[in-house]
Amino acid sequence: MANVINIVQAVNQALENEMENDPTIVVYGEDVGLEGGVFRATAGLQKKFGKDRVFDSPLAESAIVGTAVGMAINGLKPVVELQFMGFSYPAFNQIISHVARMRNRSRGRYTLPMVIRAPYGGGIRALEHHSESTEALYAHIPGLKVIIPSTPYDAKGLLIAAIRDPDPVLFLEPKRIYRAFKQEVPENAYELPIGKAKIVEEGEDVTIITWGAMVRDVQKASQMVKEKGIHPEIIDLRTISPMDRETFVESVKKTGRAIVVHEAPKSFGPGAEVISVINEKAFLYLEAPPTRVTGFDTTFPLPRGEKHYIPSPERIAKTIEDLVKY
């Protein structure tokens, strides 16, 4: 059986499936229990599983993550929600000093089977600190997996894989597309492999590597350039760390051109790492310099500036055309 659902519903269904199957899973965060989260991703879970397993926390991100460390060491599987990615910074010390290091610090004696969920990215006309795309900060930390789904099907399968993983996972949910579209998703639990990219569209003229909400914008740009005879290959990275280098390297060897599209600022962003890998592994196959279409090296703007900051399908399409003509 399958339901046609959006990303918020897929996240909710993944949590419900896993909580039914594993009594050690607890879900908590700011407004996660009674209200079901600011985007209602945990709606109904407290009513079904009770206040001992789904509960509200104080407004203290460091405490949310710190208590999850203790729970995970002692046999529970906490899935905590940080209300927005921009609120994750007060917990950064816990994440870098304890969450990501515990397996190494204990020489494998302890692992932390915990998930940190956070709505991520811009596009909903939010306030300051509500539209961050700083996945590169966390992908740079050894010992921490970073996942960003782009569809309801992927969101459910990857979140279940994250919950079952013995090590900590940061699960970033692109809120701009939380309810943007629906997709058929199996009712039963299933896993998608962490660290495996997906070829969204096959093509032969240029490889476009992207993730999260930008996948849909890249697909729109692809339709624009197809009218001019250009056929891009689109790769949804899905997992920023560990990164599926093999999939995009093999694609670039085929197309000879590469563009990375992400909402995060350009400098020191994930796109720089992707292009470094391409230069190391596929340099002799390149017919044009790899390039990036990204956000800008500024703080994410307030609502009136959003449309100028987030890469548009038109900006992506123009870059594709320029690279193919190079």
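Residues numbered from 1 in each chain as written. Predicted model: local features only at pLDDT ≥ 70, side-chain atom pairs only at ≥ 80, totals over all residues. Heavy atoms only, no water.

## Thoughts on the nonpolar core
M114, L237, F248 and I278 are the most contacted members of the largest nonpolar core, which has 45 residues in total. Ignoring sequence-local partners within four residues, the contact set of F248 consists of I209, I235, L237, M243, V274, V277 and I278. Ranked by size, the runner-up nonpolar core spans 36 residues in total, among them I5, I147, F171 and A213. (Core = buried A, V, L, I, M, F, W, Y, C linked by side-chain atoms within 4.5 Å. Buried < 20%, exposed > 50% of the residue type's maximum accessible area, 1.4 Å probe, protein only. Contact = heavy atoms within 4.5 Å.)

## Here we look at the pattern of salt bridges
Two side chains carrying opposite charge are able to pair once their charged atoms lie near each other. The full count for this structure, using the stated rule, is 23 salt bridges. For R103, the salt bridge is made with D167, and the minimal N-O distance between the two is 2.9 Å. Of this pair, R103 sits in helix α5 (residues 102-105) while D167 sits in the loop between α7 (152-164) and β7 (169-174); the two residues are 64 residues apart in sequence, bridging distant segments of the chain. Relative accessible area serves as the criterion here: at 37%, R103 is assigned to the partly exposed category. (Salt bridge = Lys/Arg side-chain N within 4 Å of Asp/Glu carboxyl O. Helix = DSSP H or I, 4+ residues; strand = E, 2+ residues; numbered from the N terminus.)

## Some points on the packing of aromatic side chains
For the structure shown, the criterion picks out 8 aromatic pairs. Taking the centre distance of 4.8 Å and the plane angle of 10° together, the rings of Y28 and F55 count as stacked. Here the residue Y28 occupies a position in strand β2 (residues 25-29), and F55 occupies one in strand β3 (residues 54-56), the gap between them amounting to 27 residues. Residue classification places F55 among the partly exposed residues on the basis of a relative accessible area of 23%. Their ring planes at 65° and their centres at 4.9 Å tell us that F300 and Y309 sit as a pair that is edge-to-face. Here F300 and Y309 have matching classes, each one buried. These aromatic residues form a ring-pair network of at least three members: F39, F84, F87 and Y178. (Phe/Tyr/Trp six-rings, centres within 6.5 Å; stacked < 30°, edge-to-face > 60°.)

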